[in-house]
There are 4 protein chains.
Amino acid sequence: MILLSDLTAVKAALRAQRIETPSWAYANSGTRFKVFPQPGVPRTPEEKIADAAKVHELTGIAPSVALHIPWDRVDDYGALTKYAHDLGIEIGAINTNVFQDEDYKLGSVTNPDPRIRRKATDHLLEAIDIMDATGSKDLKFWFSDGINYPGQDDLRSRQDRLAAALREAYDRLGDDQRILLEYKLFEPAFYATDVPDWGTSYAHCVELGPKATVCIDTGHHAPGTNIEFIVAFLLRQGKLGAFDFNSRFYADDDLMAGAADPFQLFRIMWEIVRADALDPSYGINFMLDQCHNIEAKIPAIIRSVLNVQEATAKALLVDKEALFAAQQNGDVLGANAVLMDAYNTDVRPLLAELREEAGLDPDPIAAYHRSGYQEKIVAERADGRQAGWGA
Amino acid sequence: MILLSDLTAVKAALRAQRIETPSWAYANSGTRFKVFPQPGVPRTPEEKIADAAKVHELTGIAPSVALHIPWDRVDDYGALTKYAHDLGIEIGAINTNVFQDEDYKLGSVTNPDPRIRRKATDHLLEAIDIMDATGSKDLKFWFSDGINYPGQDDLRSRQDRLAAALREAYDRLGDDQRILLEYKLFEPAFYATDVPDWGTSYAHCVELGPKATVCIDTGHHAPGTNIEFIVAFLLRQGKLGAFDFNSRFYADDDLMAGAADPFQLFRIMWEIVRADALDPSYGINFMLDQCHNIEAKIPAIIRSVLNVQEATAKALLVDKEALFAAQQNGDVLGANAVLMDAYNTDVRPLLAELREEAGLDPDPIAAYHRSGYQEKIVAERADGRQAGWGA
Amino acid sequence: MILLSDLTAVKAALRAQRIETPSWAYANSGTRFKVFPQPGVPRTPEEKIADAAKVHELTGIAPSVALHIPWDRVDDYGALTKYAHDLGIEIGAINTNVFQDEDYKLGSVTNPDPRIRRKATDHLLEAIDIMDATGSKDLKFWFSDGINYPGQDDLRSRQDRLAAALREAYDRLGDDQRILLEYKLFEPAFYATDVPDWGTSYAHCVELGPKATVCIDTGHHAPGTNIEFIVAFLLRQGKLGAFDFNSRFYADDDLMAGAADPFQLFRIMWEIVRADALDPSYGINFMLDQCHNIEAKIPAIIRSVLNVQEATAKALLVDKEALFAAQQNGDVLGANAVLMDAYNTDVRPLLAELREEAGLDPDPIAAYHRSGYQEKIVAERADGRQAGWGA
Amino acid sequence: MILLSDLTAVKAALRAQRIETPSWAYANSGTRFKVFPQPGVPRTPEEKIADAAKVHELTGIAPSVALHIPWDRVDDYGALTKYAHDLGIEIGAINTNVFQDEDYKLGSVTNPDPRIRRKATDHLLEAIDIMDATGSKDLKFWFSDGINYPGQDDLRSRQDRLAAALREAYDRLGDDQRILLEYKLFEPAFYATDVPDWGTSYAHCVELGPKATVCIDTGHHAPGTNIEFIVAFLLRQGKLGAFDFNSRFYADDDLMAGAADPFQLFRIMWEIVRADALDPSYGINFMLDQCHNIEAKIPAIIRSVLNVQEATAKALLVDKEALFAAQQNGDVLGANAVLMDAYNTDVRPLLAELREEAGLDPDPIAAYHRSGYQEKIVAERADGRQAGWGA
């Protein structure tokens, strides 16, 4: 039973929610088999930012955009930041890329060659310069480093090298900057990845210090992994810094967040709500990290933002008192029923109302299609080289 | 206990063994994150064939090369075939490619658009023309067709479309030509793939008729799948046409055959040996299908050929009488021990001897490194565009 | 947009829906580590039937109960059937059990020992006698047969033995009786199971004839398997005979249907609805097969029945015309949105209304708790030996 | 190339190797479907110890036996210890059991009920008393605690409860006693397990202090998990305390160590050897933890001990200098080849020689069968209640 007073709190929480979209999701992407280009795709960091601003304009809860270096490298980051501000959004996390240079074939910061490690670590430091220039507070590391064959390199030495690079970057951080250390089970490394799971990321972050936190990418786990357990555990340890939301049925499919298992996304958001960790003041960066290989990109990102929002709304509707009482009583079915009651609620009317109260269109997808933006970018961006993953 | 008379039979079986290498494994490949080019990589179908011929020259058991259309498209297939013959090898399976044209974004033979289905089916028929021109007897179909999101397309209608295209190709086959229908759990489709498992391939092959058989790609299964069971089952049903060998720890990693789980490869080859299905006269095409993203390509293929050969040698050493007796007696540990005894045998001396008897170098990898071939191709192939997957 | 006329059809379909509950789910069950007994658990087949009747009384859509032999062995099956009829329910599928006799340690119908195979096959035939006596039309086979170690027994010979036993049972079937052949990836066999996947079951069923069909147990697949694809495929082939519904996060967890992944259950039911296969006249037996190790049993079964019903209601609400149009247009996001719109609908008010129209309590769980039945069975069944899996 | 001087070191390392066998592996075990009893199975802790002593007598490297409380509860642990010493073996790790009492249905140390938590924690403390009495230094905790349904209990509160119980036990440890904290992905809990992965165990151990270390059970991971990475990582962190060896194809199959993936076992032992962590002085307890449901128990344990020994011998044969040189040079195939060269070596002659030098039979399995021990225990243990898992 949701009281009116509760609904007020639910709406307030939803109004405060922030989801960061990734610049690269607006660009072309694909699989190793084929990248299918789409008309209207951005050609520059500015055009990606413009698309991100459009998503924020329509959803009201996506006021920042993550950058990926060197994909989003520009000469003047101050100007880029101002450009974003003028469009109503902030520069979010700075993502490093140490996997696409020829030198990184056998690894970046864990490469057996010290010259290449130096080069990779310098790139990490460069990203902090960009943070200084853009005002970004989050430095996200995803290391594709790993090996394809048993024996190819020494697992333990690679950890030593990784720790050294992380330490150097950590020591360079400003007072209000932090590291988000992502992990991934596999791909592109196919035998051993140097940061394969949350435990590895966590152990490094603990050793680094309070400014290092774990980033959970929802698509980066072994089959069967209970992601909301990791969320709850890291919240308890004070080490959950960020999410990379996306969804998957198999491996790192990078489908739209909430598309493959909306119940899982709800369970994740429930752990956030249960820990009072939704508010931006708590410090978690809720990012999307996905790619739209065959579907229209901007609508796909709007859809993903809405999916996270819907899961959050359902989580906020959980009757906490009833839940905790049933849990304490050992009422297995009763406790489960309280959670499911919230999940089974159709929150779309509530969210439409929330948007209307905020002066937004109740249906952001429909509003996008009516806006003429897609036709405009298709026309304007017909020439030139579309941005992409650059593989 | 292996008697001398048995060893004679083992050697004879090993001498008759044939493994087909894939033209694309000599070319550049990579992941969606990066393709790392290598010096000396072929630029043309002819150069791929030359590399395949080198592998056969050194191993003695790789006398054919599979082609991939359009990657290996040439004007004159008769000339290409003659070129191969002059180098001592045959043109093997013709692989179709209906996943890299812009039109195939939402599918090829299962696309909702009949124009695109027609185009894709025509490509299948074109491949049969190429078979006629090259003398190839095997037409391999791998359809990347599938969908990324629930509801994106109708699962059942796609099967109807698939069946229609398969039928059309089947009816075009010559008397001694056949279809090898590959399956794959996922990638590049991330929600549902139209031929995801052996059961789907098998059911279509049964409906098509005797000239359609299943191709098992060892990397294309769900985690935990017992591949040798599928081998044994399809042998019993008379529907096992071919293997695509490679190995994996996670998904379709496409590592060298035998690199990830040599015991599994042995168990697979044991089912082949147990069914007397190793000899070329039985009709199974034992192909490699893998990519060498970070390791040297030709040595990696030699290594893979040797790995299959070693697994085969071990399988041939299984003491069948002792095994069947222990099985019949319900002696769990005894039966397992007979199998493991063969697996634990170091067959490398036997294979070195076999090669020497055939006038080959006992160590094909070392022989390759001594041959100067790598230096030669690096020098000769410095200019021009390297062949690759073309993604 | 759901029109009133559509709602009438939806309600009619829901009224016709039938879900079969399993006698053993009312009894004690557990894991290999511990069976936790519960008060009030049935001691006899009659008491299980009484519980099943209670579930039907409250839900209105569970009018039959599956039996498991020998767990439900009685002297007089005619009397048992009459007892069920008097309580308003039918005897459903007869489940054979060839895994708990000491003789079956190394297999039942696939055992290397012909005496044990004979014994197991005779049990299959006995089950058909029970079908004759009870009027049951469905004979369900789940064979735990398999091996734990490579080499333990011969994979292919076991298929021959399996085929022989199936043939003998098939030939004994009456005109309106059929075989439902279940498959399972693993457990209790840990290396190879003799019927591990739908393909194996399908191939045997095709060879047996039209009275043999596949039973899909939703918990019996490898990680990542797309179950709704199998549903769609088997419907197309005319070989889907039944479901064993339950849910799982990991392996064969046997949790309540719909508890682990309600979206998956919806997608499965959508394939049923899309093929017009929901009505009992189509011939699919929608059964539950699960165990309730820690939760109250009867409420857990009611919850599972409701979960299937809710997923069905959502599937019936899919706007087919809009979906097929979007699919045909290649509108990836639009087609997905149509499906998700139905899934996101809260169908509980509709189902409450449906129940009230049928003279049922709108909330079957609450009605059960109010009914006094639980207190009654706890009191009445205090003595004697509770029924269980008998491991 | 292995020099004679190296072989001396290899043999010395192998002579020092110690593997601990588990008392419960000698007893009856099974799956939830059936426990198949075997003749000759022990009825008492003493008889289990006698079997363990037999295994040590034949293999020479299994001089300790782990106990499981309450399965191995006796009145006089001093007498039990003396009994073991008289048979030539030590009491190894003490395993707690907080999963089989009725009270533990919803958890033991994480149960929402403080009374039950108290009871469970008291059992942990009791186990330390037993350690004091037996001289055991290792206290192994496996908590089956977890939940089956989302919402059933609060994930985070359960961590708080777990931490409190661990702390209490930790503070009770003597100076040379330590905790081994095992983890397991799932089973018997089917939604969330309270210690599901190495990261959770590691984080708790770090917080507890230096006397808490992680125990790796090789069968307790999600599919695809790279176990040797965890080994290498925990060795680097100084937190690897023990192994529970067994093998699996699917879930926690508990097959004989090395039976399912001998290459994996070799890679694990290579990380041990590479870190000089094999010697007992390093402090890792190499235990078996498996069950023998269908195979003869004592021979199965001997086989498992030998499998670990063979994997170790291969790991010791790795040419470290050549490996590190190839790794440093980025020679992917060369480095892999060095590792594979050791793996492909047949070490059975070396181990037979080692045994003969130690006065043992070169073939422990054959020696067991010749020994008459099996016939003796079958005759002597015909009456009474066989020991089992007690589920």
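Description of the structure in this document. What you see is a predicted model, and the numbers here were worked out from it, not measured in a lab.

So, how was this worked out
Residues numbered from 1 in each chain as written. Chains lettered and ligands numbered in written order. Predicted model: local features only at pLDDT ≥ 70, side-chain atom pairs only at ≥ 80, totals over all residues. Heavy atoms only, no water. Helix = DSSP H or I, 4+ residues; strand = E, 2+ residues; numbered from the N terminus. Rg over C-alpha atoms; globule rule 2.2 N^0.38 Å. Buried < 20%, exposed > 50% of the residue type's maximum accessible area, 1.4 Å probe, protein only. Contact = heavy atoms within 4.5 Å. Areas by Shrake-Rupley, 256 points an atom, 1.4 Å probe, with all protein chains shown as cover. Lys, Arg positive; Asp, Glu negative; His and termini not counted. Charge placed at Lys NZ, Arg CZ, Asp CG, Glu CD. Axes fitted to C-alpha atoms, helices over the stretch in contact; angles between N-to-C directions. Parallel < 35°, antiparallel > 145°, perpendicular 65-115°, else oblique. Left-handed = near helix turned anticlockwise from the far one by under 90°. Nonpolar A, V, L, I, M, F, W, Y, C, P; charged D, E, K, R; others polar. Buried area = accessible area lost by both parts, 1.4 Å probe. Salt bridge = Lys/Arg side-chain N within 4 Å of Asp/Glu carboxyl O. Polar contact = N/O pair within 3.5 Å; in protein donor to acceptor, adjacent residues only side chain to side chain. Least-squares fit on C-alpha atoms with pLDDT ≥ 70 in both. Phe/Tyr/Trp six-rings, centres within 6.5 Å; stacked < 30°, edge-to-face > 60°. Lys NZ or Arg CZ within 6 Å of the ring centre and 35° of its normal.

Some words on the overall build of chain A
Along its length, chain A carries 14 helices and 10 strands. In terms of overall size, chain A behaves like a compact globule, its C-alpha atoms giving a radius of gyration of 21 Å where 391 residues would be expected to give roughly 21 Å. Taken over the C-alpha atoms alone, chain A extends approximately 65 × 55 × 40 Å along its principal axes. Going through the 391 residues of chain A one by one, you find that 69% of them count as buried. Summarising the internal contacts of chain A: among those between residues at least 6 apart in sequence, 77% fall at separations of at least 24. Roughly 12,000 Å² of accessible area belongs to chain A as shown, and the carbon and sulfur atoms make up 52% of that amount. Across chain A, 40 positive and 59 negative side-chain charges occur, with their mean positions spaced 2 Å apart.

Focus on the packing of helix H8 (residues 262–274) of chain C against helix H9 (residues 297–316) of chain C
Residue and element names in this part refer to chain C. For the pair H8 and H9, the least separation of the axes is 8 Å and the interaxial angle reads 55 degrees. Put simply, H8 runs oblique to H9. Of the two possible hands of crossing, H8 and H9 adopt the one that is right-handed. For the pair H8 and H9, contact is made by Leu 265, Phe 266, Met 269, Trp 270 and Val 273 and by Asn 307, Val 308, Ala 311, Thr 312, Lys 314, Ala 315 and Leu 316, respectively. Taken together, the residues of the contact of H8 with H9 break down into 9 nonpolar, 2 polar and 1 charged.

Structural notes on the interface of chain B and chain C
With 56 residues of chain B at the interface, the matching set in chain C holds 55 residues. Both sides together, the interface formed by chain B and chain C hides about 4,500 Å², and carbon and sulfur atoms give 58% of it. When the buried area of chain B at its contact with chain C is split by residue, Arg 156, Phe 229 and Arg 236 of chain B rank highest and sum to 16% of it. Where chain B meets chain C, there are 4 salt bridges. Measuring nitrogen to oxygen at the nearest pair gives 2.6 Å for the salt bridge that ties Arg 236 of chain B to Asp 160 of chain C. Applying the counting rule to chain B against chain C returns 18 residue pairs in polar contact (both at pLDDT 80 or more).

Let's talk about the interface of chain D and chain A
Often, the extent of an interface is quoted as the loss of accessible area on bringing the components together. Contact residues are listed per partner, giving 55 residues for chain D and 55 residues for chain A. When the two sides are added together, the surface that chain D and chain A hide from each other amounts to roughly 4,500 Å², 57% of it contributed by carbon and sulfur. If you sort the residues of chain D by the area they bury against chain A, Arg 156, Phe 229 and Arg 236 of chain D come out on top, with a joint share of 16%. In this assembly, chain D and chain A are joined by 4 salt bridges. The interface formed by chain D and chain A contains 18 residue pairs in polar contact (both at pLDDT 80 or more).

Examining the relation of the copies chain D and chain A
The second copy of the chain is related to the first by a rotation about an axis and a shift along the axis. Rotating chain D by 180 degrees and moving it 0.0 Å along the rotation axis overlays it on chain A with an RMSD of 0.0 Å. Expressed as a symmetry operation, the mapping of one chain copy onto the other fits a two-fold axis. When C-alpha distances to the rotation axis are compared across chain D, the minimum falls at Gly 199 of chain D, with a value of 2.0 Å. Here 100% of the contact residues of chain D are again contact residues in chain A; the copies associate through an equivalent surface.

Quick notes on the packing of aromatic side chains
Taken as a whole and judged by the stated rule, the model has 84 aromatic pairs over all chains. The structure contains a cluster of three or more aromatic residues connected by ring pairs, namely Phe 33 of chain A together with Trp 71, Phe 99, Trp 142 and Trp 389 of chain B. Positioned above the aromatic ring of Phe 263 of chain B, the side-chain terminus of Arg 267 of chain B is 4.6 Å from the ring centre.

Worth remembering: the numbers are spatial, not functional.
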